[in-house]
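Residue-level structure breakdown
Chain by chain, the residues:
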Amino acid sequence: MSGRRSSRANWPRASLDDVVYVDPAVPASPLWDADQTFPHVSMAGIDEVNGLVAEFESKPWRELKTGKARFEERDVLFARITPCTENGKVAFVRDLPSP
């Protein structure tokens, strides 16, 4: 155990913003049509055991453009509501389907 502590003591100190992007903006394109579909993840689509997206849904842009977070490959999805965070609803996005 003491070996782990000494190695941690040598880690550089940094703020979270220096090492990760927290809620970075993924800009919407003015070329997107209201009926164009995009991958969407519901809380039910997150596997709380392995921390991956188990199921992507396809939804039209008109349903996603307000109030839904946009995400990209390799993003980490973290639920904004307490019951989901307590149930392990955090997932790493990989193999994101193309729109």
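Read on for a plain summary of the structure. All values reported here derive from a predicted model rather than from experimental measurement. (Residues numbered from 1 in each chain as written. Predicted model: local features only at pLDDT ≥ 70, side-chain atom pairs only at ≥ 80, totals over all residues. Heavy atoms only, no water.)

**Quick look at the overall build of the chain**
Across its full length, the chain holds 4 helices and 6 strands. Written out in order from the N terminus, the α and β elements of the chain read α-α-β-β-β-β-α-β-α-β. Taking 99 residues into account, the globule formula puts the C-alpha radius of gyration at 13 Å, and the chain, at 17 Å, lies well above it. Projected onto its principal axes, the C-alpha positions of the chain cover 60 × 30 × 25 Å. (Helix = DSSP H or I, 4+ residues; strand = E, 2+ residues; numbered from the N terminus. Rg over C-alpha atoms; globule rule 2.2 N^0.38 Å.)

**Observations concerning the layout of surface pockets**
Empty space among the atoms becomes visible once a probe the size of a water molecule is rolled across them. Volume-wise, the largest pocket comes out at about 1100 Å³. Those elements that place two or more of their residues in the lining of the largest pocket are strand E1 (37-40), helix H3 (61-64) and strand E5 (76-78). (1 Å grid on protein atoms, 1.4 Å probe; cavity = no way out; pocket = protein on both sides within 12 Å on 5 of 7 lines; lining within 4 Å. Points joined across faces, edges and corners; volume = space filled by probe spheres on them.)

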